[in-house]
Amino acid sequence: MDGALGYLSRSAVGRQDGTRLEKMSKASLDRFLGGAYRTVGVGLRSVARGFATQVDLRTERFAGGKTKSMSPSPSTPAAPHSTSAAQLTAFAPNSTIAVPQTSGTPAPMAAVPLLDVTRTNAEIRDEVLQLWAQIYDQGGFIGGPHVKNLEAELARVCESRHAIACASGSDALVLALMAAGIEPGDEVICPAFTFFATASAVWRLGATPVFADIDPLTFNMDPVHVRSLINNHTKAIIPVHLFGLACDMSAFREICETEDLWLIEDCAQSIGARFQGQAVGSIGDIGCFSFYPSKNLGGFGDGGFMTANDDQVAAQLRIFANHGMTETYRHEYVGLNSRLDSLQAAALWIKCRQLDSLAEQRRANVARYQALFADCKLDSVLGLPTEPANCFHVWNQYTIRIPDGRRDEIKAALAERKIGAAVYYPTPLSRQRCFASLGYPEGSLPHTERACGEVLSLPVFPGLTHSEQDRVVASLHEAWHSQSRLRAAG
Ligand SMILES: Cc1ncc(COP(=O)(O)O)c(C=O)c1O
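Residues numbered from 1 in each chain as written. Predicted model: local features only at pLDDT ≥ 70, side-chain atom pairs only at ≥ 80, totals over all residues.

**Student:** Please provide a residue-by-residue account of the overall build of the chain, values included.
**Tutor:** On a plain count of helices and strands, the chain comes out with 18 helices and 17 strands. Taken over 490 residues, the chain has a buried fraction of 49%. When contacts within the chain are restricted to residue pairs at least 6 apart in sequence, long-range pairs at least 24 apart make up 76% of them. (Helix = DSSP H or I, 4+ residues; strand = E, 2+ residues; numbered from the N terminus. Buried ≥ 20, exposed ≤ 12 C-beta atoms within 10 Å, placed from the backbone. Contact = placed C-beta atoms within 7 Å.)

What follows is the structure, given as structure tokens:
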């Protein structure tokens, strides 16, 4: 019977907040699950360990100073840019798992948020408030040592010679394009499957965003399509390391070197991610990052920064972020007022300490999702995201595909069960009204358009509990099978 497939690992339930559940009687567990259960063999703990061992490719490598021509490719041979879901979930020895029947009255379930930043922010609360009180009393709210300290730490984390703080990730992109000299008439290639800011930055400077399709496996921009879009007007490429996964940067670097184009990395969702051991933001000419609270280094308001290895490029970024001022009240250019507040910088400097642990928690959550979905065999019907062998994924989003036009119904069913889920992104940028004049009819970016109709991001934030994760998978399982039954009946 389809509905009797397992979805909840008891060993996993007992590991964190679910200790109480582990101790439950069979009858009360039965009530929690909303049906009878039986046990089958699956080894979640080993799966999680196996995942971490298999995918952790980090190497300690400082990218060093780079100029426009960029550093040579690392000698590590490029592994294929894909890993199947089967590979990620293939190592499952035995343990026990509780299996619900999906018939009967659904059990009431507590809400699971898509994101809760308060849980891990609570760990540094006292330290942040203390430092904020000091700044409050001293009155230094702009610039100063807190911004400098943060920039030094960010440069270290991103393995870049320079990090320059600014007011947002959106500003970082505009400033990067300004430093690249992008102007009206220029074309900049970027994906249409990304947040609006990637393309709006190009538009704001009077240049034309040229949209490339994505690789359906990674959701990242497809270098083969990018190459086909290059012409005499092309000045730059913006690969977006979407959802925390690095793009195929060896391909983009090669394209930019041979075509003499600027390579601007949109790292807003991917601080800490790596491609062939190299930190994102240190591979192209400029890296653009966001501190928007939902990001992996989420701030306490808006903020962002840029990375660069070239001294001149970094100096230019600083000038553009400070009204284009080269000396006090001497303006060589018209720049922006794009600063990060000292209060923000001070808190983020403290939060940097958490960065590795936050990424590890996200990775552990993903390993667990992969195992739970395999347990209940949903891995064969849903498209689960994967981590290419040459990448270190930091999972800003855990985004699955729901096929057969069922995504919106499943999302609604999850909402009924109080499970947070979101669609990033429902509409390709190429199909946004504000870009209608660019002329991308339906069907021009087929992989992007298909992804927009299928993707659903599930809670993966650090601090998500095991029992919450179990509820996400249980609810999805239940929604999928009750919908399948309705479809079969109708
Ligand atoms: C891919 C991408 N680029 C740029 C941005 C812009 O960052 P911010 O919100 O800090 O302006 C975001 C933020 O959501 C993003 O996800």
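**Student:** Could you give an account of the environment of Asp285, with specific residues and numbers?
**Tutor:** For Asp285, the position within the fold is in the loop between β10 (278-279) and β11 (286-290). Residue Asp285 is classed as buried on the basis of its C-beta count, with 24 C-beta atoms lying within 10 Å. Counting along the chain gives 105 residues from Asp285 to Ala180, while the straight-line C-alpha distance between them is 9.0 Å.

**Student:** Tell me what's going on with the sheet that holds strand β9 (residues 274-275), and back it up with residues and numbers.
**Tutor:** If you trace the three strands from one edge of the open sheet to the other, you get β10-β9-β15, paired in antiparallel fashion. Among the strands making up the open sheet, the edge pair consists of β10 and β15 (391-392). Pairing of β9 with β15, which is carried by two bridges, proceeds in the antiparallel orientation. Looking at the pairing, Phe275 lines up with Cys391 of β15. (Pairing = 2+ DSSP bridges.)

**Student:** Summarise helix α17 (residues 446-454); cite the residues concerned and give the values.
**Tutor:** Residues Thr448, Glu449, Ala451 and Glu454 constitute the buried set of α17. Along its buried surface, α17 packs onto β16 (398-401), α16 (407-416) and β17 (455-458).

**Student:** So what's going on with helix α13 (residues 311-321)? Which residues, and what values?
**Tutor:** Within α13 the residues assigned to the buried category are Val313, Ala314, Gln316, Leu317, Arg318, Phe320 and Ala321. Directly beyond the C-terminal end of α13, a positive phi value near 60 degrees is found at His323.

**Student:** So what's going on with the packing of helix α8 (residues 145-157) against helix α14 (residues 342-352)? Which residues, and what values?
**Tutor:** At a closest axis distance of 8 Å, the pairing of α8 and α14 adopts a crossing angle of 40 degrees. For the crossing formed where α8 meets α14, the hand is left-handed. Contacts between α8 and α14 involve His146, Val147, Asn149, Leu150, Glu153 and Val157 from the former and Ser342, Ala345, Ala346, Leu348, Trp349 and Cys352 from the latter. Looking at the contact of α8 with α14 residue by residue, the classes come out as eight nonpolar, three polar and one charged. (Axes fitted to C-alpha atoms, helices over the stretch in contact; angles between N-to-C directions. Left-handed = near helix turned anticlockwise from the far one by under 90°. Nonpolar A, V, L, I, M, F, W, Y, C, P; charged D, E, K, R; others polar.)

**Student:** Which residues make up the sheet that holds strand β12 (residues 304-308), and what values go with them?
**Tutor:** Ordered in space as β4-β12-β11-β8-β7-β5-β6, the seven strands form an open sheet in which the pairing is mixed. Each edge of the open sheet carries a strand with a single partner, namely β4 (162-166) and β6 (208-212). This sheet shows a mean twist of 25 degrees between the axes of neighbouring strands, independent of strand direction. Of the pairings in the sheet, the one linking strand β5 (residues 187-191) to β6 comprises five bridges and is parallel in character. What sits directly across from Val188, in β6, is Pro209. Each of β5, β6 and β8 (262-266) is contacted by helix α10 (residues 197-204), which is oriented at about 170 degrees to β5, the strand it contacts most. On the sheet, α13 packs against β4, β11 and β12 and is oriented at approximately 10 degrees with respect to β4.

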